[in-house]
Amino acid sequence: QVQLVESGGGLVQTGGSLSLSCEFHGRDFITRHMGWYRQVPGKERELVAGITYGGSTHYPDFAKGRFTISRDGARKTVRLQMNNLRPEDAAVYYCNSIRWTGSSWVPEGSWGQGTQVTVNS
């Protein structure tokens, strides 16, 4: 069974940066694709960055050039560096393993508690 523990959220000003971390507790981390998601109340959870087990990355348009996902196989962690944060980036951020359906990335497994990101304008 996999347990995910997110950390690193906080309060920043517009234009500021945060680095989120996800600890993966379980087996087979090095063979899993991983992703970061975010959710605001009343909206669906959305993917903000993905990284394959081989290190290839994927970002939706709103994250390109601002967010960077990385992984450390030895420490079984996934990081999300977020720069130039905007008020609309405020959300609870989660990580999860992901899989490709042929047309999109989808999460798999249970969610952790997430980490709150707040951006002041």
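The notes below deal with the structure included here.

A few words now on the pattern of salt bridges. Scanning the entire structure with this criterion turns up five salt bridges. In this structure, the salt-bridge partner of D89 is R38, at a minimum N-O distance of 2.8 Å. Here D89, found in the loop between β8 (77-82) and β9 (91-100), pairs with R38, found in strand β4 (residues 33-39); they are 51 residues apart in sequence, far enough to count as distant. For the pair shown, D89 and R38 are each scored as buried. Overlapping salt bridges bring together R38, E46, R66 and D89 as one network.

What follows covers unusual backbone geometry. Only a minority of non-glycine residues have a phi that is not negative, and only a minority of peptide bonds are not trans. Although it is not a glycine, D28 sits at a positive phi angle of roughly 65°. Take D28: it is sitting in the loop between β3 (18-25) and β4. Residue class for D28 comes out partly exposed when judged on its relative accessible area of 45%. Within the chain, K76 stands out as a residue other than glycine whose phi angle is a positive 55°. Along the chain, K76 falls in the loop between β7 (67-72) and β8. Residue class for K76 comes out partly exposed when judged on its relative accessible area of 28%.

Basis of the calculations
- Residues numbered from 1 in each chain as written.
- Predicted model: local features only at pLDDT ≥ 70, side-chain atom pairs only at ≥ 80, totals over all residues.
- Heavy atoms only, no water.
- Salt bridge = Lys/Arg side-chain N within 4 Å of Asp/Glu carboxyl O.
- Helix = DSSP H or I, 4+ residues; strand = E, 2+ residues; numbered from the N terminus.
- Buried < 20%, exposed > 50% of the residue type's maximum accessible area, 1.4 Å probe, protein only.

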